[in-house]
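Commentary on secondary and tertiary structure
For reference, the chains in residue letters:
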Amino acid sequence: MKGSAIWMAIFLACAGAAQAQEASRQKLDLPAPKPLVISKNLPANGTLVMEMNVGEVRVIRSDELRVIRLTIEPHASYDNATVQSWVRRFDVAGDRASIDLKLPKHQDNHEGARITISVPEQTDLKLELGVGDLSVKGIEGNKDLHVGIGDLRVGVADGAKYNEIRTATKIGDAEDGIFHQHSGGFFPKTLHSSLQGVYKLHATVGIGDVNVVQD
């Protein structure tokens, strides 16, 4: 009994010291991690092809014509060389941009950084994210989007410009808010097709929710 009491006292002392150390860290006024920003020229009516393993990704309309901008905002302090090493590829050839990102896996595998990609308003998108959340807003064009595990949210300004809007997931909810279709449970999907429109939108998730909403 006496030995157990000693070990318990040591354990409690160590736990208390760890909590005090963590509290002192939280009191430190550490500067926010510095974002990495890379910009390149991309003409309107171009195509963006992106592959990424984990993270939180937003694709938005650029305020500048003929510019694609990649912004990486780390959730923890990393040096510039480390953040730059996450960009395995960022090339533009003609009207086609290719981005390949590989972020560190920790904290549920998708809290390494927040990624924002701004592109010209009229840009076709072919995006694939392994684990995390992907949102697209303010972009007009063909869209082929997939998230392995996570949530996918796609904004559409004018549904009449799409001759096909297809959503699907294996486990979760699939919702087309433009044409008011919803499906849930196992292997839910929605499909709207029309003889009008020039674009196609395919939005799929392995496990999670997919939503097409009014921009």
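Right above here is the structure, for reference.
In short, a report on the structure. None of these values were measured; they are calculated from a predicted model. (Residues numbered from 1 in each chain as written. Predicted model: local features only at pLDDT ≥ 70, side-chain atom pairs only at ≥ 80, totals over all residues. Heavy atoms only, no water.)

Along its length, the chain carries two helices and 13 strands. Out of the 215 residues in the chain, the part that is buried amounts to 37%. Pairs at least 24 apart in sequence give 68% of the contacts found in the chain among residues at least 6 apart. Summed over all atoms, the accessible surface of the chain reaches about 12300 Å², with 53% contributed by carbon and sulfur. (Helix = DSSP H or I, 4+ residues; strand = E, 2+ residues; numbered from the N terminus. Buried < 20%, exposed > 50% of the residue type's maximum accessible area, 1.4 Å probe, protein only. Contact = heavy atoms within 4.5 Å. Areas by Shrake-Rupley, 256 points an atom, 1.4 Å probe, with all protein chains shown as cover.)

Let us look at unusual backbone geometry. Positive phi is not limited to glycine here, since arginine 66 has a value of about 60°. Tracing the backbone shows arginine 66 in the loop between β2 (46–61) and β3 (67–74). One non-glycine residue, histidine 180, lies in the positive phi region at around 55°. With respect to the helices and strands, histidine 180 occurs in the loop between β9 (162–176) and β10 (181–186). Accessibility expressed as a relative area gives 71% for histidine 180, which makes it exposed.

Time to look at the environment of aspartate 124. By the element assignment, aspartate 124 lies in strand β7 (residues 123–137). Through-space distance from the C-alpha of aspartate 124 to that of threonine 47 is 4.6 Å; in sequence the pair is 77 residues apart. Non-local contacts of aspartate 124, meaning those with residues more than four positions away in its chain, are made with Gly46, Thr47, Leu48, Gly141 and Asn142. Among the polar contacts made by the side chain of aspartate 124, one reaches the main-chain amide nitrogen of asparagine 142 at a distance of 2.8 Å. (Polar contact = N/O pair within 3.5 Å; in protein donor to acceptor, adjacent residues only side chain to side chain.)

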